[in-house]
Amino acid sequence: MSDLMAATFPPAFLWGAATSAYQIEGAVREDGRTPSIWDTFSHTPGKTAGGDTGDIAVDHYHRYREDVALMAELGLTAYRFSVSWPRVQPTGRGPAVQRGLDFYRRLVDELLAHGIKPAVTLYHWDLPQELEDAGGWPERDTAYRFAEYAQIVGEALGDRVEQWITLNEPWCSAFLGYSSGVHAPGRTEPAAALRAAHHLNLAHGLGATALRSVMPARNSVAISLNSSVVRPLSQQPADLAAARKIDDLANGVFHGPILHGAYPQSLLEATASLTDWPYVRDGDLAVIQQPLDALGLNYYTPTLVSAAESAPPGPRADGHGSSDHSPWPAAQDVAFHQTPGERTEMGWTIDPTGLHELIMRYTREAPGLPLYITENGAAYDDKPESDGSVHDPERIAYLHGHLSAVHRAIADGADVRGYYLWSLMDNFEWAYGYGKRFGAVYVDYVTLERIPKSSAHWYARAARTGKLPEVGER
Ligand code: GBH
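Residues numbered from 1 in each chain as written. Predicted model: local features only at pLDDT ≥ 70, side-chain atom pairs only at ≥ 80, totals over all residues. Heavy atoms only, no water.

Caption draft 1: Inspection of the packing of helix α4 (residues 60–73) against helix α6 (residues 98–113) at higher detail. Where α4 meets α6, the closest approach of the two axes is 10 Å, and the angle between their N-to-C directions is 10 degrees. The orientation of α4 relative to α6 falls into the category roughly parallel. The handedness of the crossing between α4 and α6 is right-handed. In this structure, α4 uses His60, Tyr61, Tyr64, Arg65, Val68 and Met71 to contact α6, whose residues at the interface are Arg99, Phe103, Arg106, Leu107, Glu110 and Leu111. When its residues are assigned to classes, the contact of α4 with α6 shows seven nonpolar, one polar and four charged. (Axes fitted to C-alpha atoms, helices over the stretch in contact; angles between N-to-C directions. Helix = DSSP H or I, 4+ residues; strand = E, 2+ residues; numbered from the N terminus. Parallel < 35°, antiparallel > 145°, perpendicular 65-115°, else oblique. Left-handed = near helix turned anticlockwise from the far one by under 90°. Contact = heavy atoms within 4.5 Å. Nonpolar A, V, L, I, M, F, W, Y, C, P; charged D, E, K, R; others polar.)

Right, dumping it as structure tokens:
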């Protein structure tokens, strides 16, 4: 097979880009929106780099027409965005604010008018602050509130949006939000993080049921997991056990109940010092396990671990900022290592083989379930040249490597239906603020001008031709 043949994707493959509400919208006090936990967190001194907030972000709320035109120019066939819960239901309960919903109606209409398939994520980390004040995700009631919100958005957009994602990366919501505290709401309570994980699973199940009750049956309901590719430093039993434990805490805690209807026994044992999971009530697992129409996988970098006891010296990784608190409950006996190899501006090692491994794992674990890569991308220190153009050959190489891995997985029998580049444009990178640029489109944070980087042109060509250009081509 020639290289060219090898890099041809199925004709219906979606070439997308992804964003999330708080990272791009701005307009945080408009049309009835109230604070989410991320407004509160980013306005708390010391929580984000440089005190950056999403107050203005990239002003997408006002510039969405221009942004959709840009997507069309880049030949995207799909766009994944999230709905801001506090824009739709300011207190997290009760009737919807129509002005808030109208924004998403207009956005969806604009996308469809340009032939771009919308994929809606209901929850990308911006819990209404009032719900956190009532206890947040460790409280069971939050899952019921989510289902109500899902029904509202499903009713409003279900006739025009076919692809639905309940939650984005519940691992981050539970463990970065409630254990390491580097994400909102910034709590450092490992036992509460495990409760949060269960209630996020329940929210997914109840939310999927609510969506299906109000939407046409043809629509697809999925969840996006940041499933870690966990590798042991050696084949020693202690290192294999460490990898098993982190795999349970990263993946099994979500895909166990969602795909198989049970929390892994090894997870329950590993966390026994913190909880005996009394909040998992009769019937919960059946709600959580209902069949998915697709699974979204977000992938950036693999995770390398060993037993702490026998850990050799070498560069350590935590990848979760400078918190003294671990995101991993009950894992003091595990050491995290830096995977060897080149790294991006986030310090994350570039390893496309991890993406292939991840796809093949879910192909085995969930046979017949269509997969989407709902996020993949890299941060680099991009700067405009004197002529205003932005060149990012490293990002092109990253995308080429990872899309090649997707292609290889398809050739190996995986049913991958699409790829969403993270991110369409530079935006608010959570605790890292605006310092880390993941966009295919550069944003000048003074003028808010958008400039497609060379990677955007490269990706546009891939989208138009359905095959990967060489890295030097555009
Ligand atoms: C995604 O989170 C988010 O969905 C998106 O909003 C965000 O902007 C984007 O990624 C970029 O960060 O411990 O060194 O192995 C990804 C969060 C990234 C968390 C990888 C775990 C492991 C790094 N995950 N990280 S390391």
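The rest of the description comes next.
Caption draft 2: Region of interest: the packing of helix α15 (residues 393–411) against helix α16 (residues 454–465). Contact pair α15 / α16: the axes reach a minimum separation of 9 Å and the direction vectors enclose 30 degrees. When the axis of α15 is compared with that of α16, the two are roughly parallel. Counting all contacts with α15, which are made through Arg395, Ile396, Leu399, His400 and Leu403, the residues of α16 involved are Ser454, Ser455, Trp458 and Tyr459. Classifying every residue of the contact of α15 with α16 by side-chain character gives five nonpolar, three polar and one charged.

Caption draft 3: Focus on the environment of Gly136. Inspection of the secondary structure puts Gly136 in the loop between α7 (129–133) and α8 (141–157). Each C-alpha atom, one on Gly136 and one on Ala409, is 38 Å from the other, the two residues being 273 residues apart in sequence. Setting aside its immediate chain neighbours within four residues, Gly136 contacts Leu127, Leu131, Thr142 and Tyr178.

Caption draft 4: Representation of the packing of aromatic side chains in the model. Following the criterion strictly, the structure yields 34 aromatic pairs and no others. Between Tyr61 and Phe103, the ring centres sit 4.4 Å apart and the planes meet at 35 degrees, which makes this aromatic pair tilted. Of this pair, Tyr61 sits in helix α4 while Phe103 sits in helix α6, placing them 42 residues apart in sequence. Accessibility assignment for this pair places Tyr61 and Phe103 in one class, buried. Arranged with centres 5.9 Å apart and planes meeting at 40 degrees, the rings of Trp171 and Phe175 form a pair that is tilted. With Trp171 and Phe175 both in helix α9 (residues 170–178), this residue pair falls four residues apart, about one helical turn. Relative accessible area serves as the criterion here: at 5%, Trp171 is assigned to the buried category. Clustering of aromatic rings is evident, with ring pairs tying together Tyr22, Trp38, Phe41, Trp125, Phe428, Trp430, Tyr434 and Tyr445. One residue, Arg87, lies across the ring of Tyr61, its end atom 4.0 Å from the ring centre. (Phe/Tyr/Trp six-rings, centres within 6.5 Å; stacked < 30°, edge-to-face > 60°. Buried < 20%, exposed > 50% of the residue type's maximum accessible area, 1.4 Å probe, protein only. Lys NZ or Arg CZ within 6 Å of the ring centre and 35° of its normal.)

Caption draft 5: Quick peek at the sheet that holds strand β3 (residues 117–123). An order of β1-β2-β3-β4-β5-β7-β10-β11 is seen for the eight strands of this closed barrel, with the pairing classed as parallel. For this sheet the average axis-to-axis angle between neighbouring strands, irrespective of direction, equals 25 degrees. In terms of strand pairing, strand β5 (residues 220–225) meets strand β7 (residues 295–298) through two bridges, oriented parallel. Paired with Leu225 across the bridge in β7 is Leu297. (Pairing = 2+ DSSP bridges.)

Caption draft 6: Seen up close, the pattern of salt bridges. All chains considered together, the criterion is met by 31 salt bridges. The residue Lys245 makes a salt bridge to Asp333 at a minimum N-O spacing of 2.9 Å. Highlighted residues: Lys245 in helix α11 (residues 237–260) and Asp333 in the loop between β8 (303–307) and β9 (334–337), separated in sequence by 88 residues. A residue is classified by how much of its surface remains accessible, and Lys245, at 14% relative accessible area, is buried. Note on Asp333: relative accessible area 41%, which makes it partly exposed. (Salt bridge = Lys/Arg side-chain N within 4 Å of Asp/Glu carboxyl O.)

Caption draft 7: Representation of α8 in the model. The first and last C-alpha atoms of α8 sit 25 Å apart over 17 residues, in line with the 24 Å expected at 1.5 Å per residue. Within α8, 12 of the 17 residues are buried, which leaves the element mostly enclosed by the surrounding structure. For α8, the complete set of buried residues consists of Thr142, Ala143, Arg145, Phe146, Ala147, Tyr149, Ala150, Ile152, Val153, Gly154, Ala156 and Leu157. Looking at the buried positions of α8, the neighbouring elements they touch are α5 (85–88), α6, β3, α7, β4 (163–168) and α10 (190–214). (Expected span 1.5 Å × (residues − 1).)

Caption draft 8: Spotlight on the UniProt feature "binding site: substrate" (unreviewed entry) in the protein chain. Annotation from UniProt places "binding site: substrate" (unreviewed entry) at Gln23, His124, Asn168, Tyr300, Trp422, Glu429 and Trp430. Here the side chain of Tyr300 touches Glu375 through a polar contact of 2.6 Å, side chain to side chain. For Trp430, the position within the fold is in the loop between β11 (416–422) and β12 (441–443). Residues within four places of Trp430 in sequence aside, it is in contact with Ser20, Tyr22, Gln23, Trp38, Thr48, His124, Trp125 and His183. (UniProt positions renumbered as here; feature names shortened; annotations may be inferred. Polar contact = N/O pair within 3.5 Å; in protein donor to acceptor, adjacent residues only side chain to side chain.)

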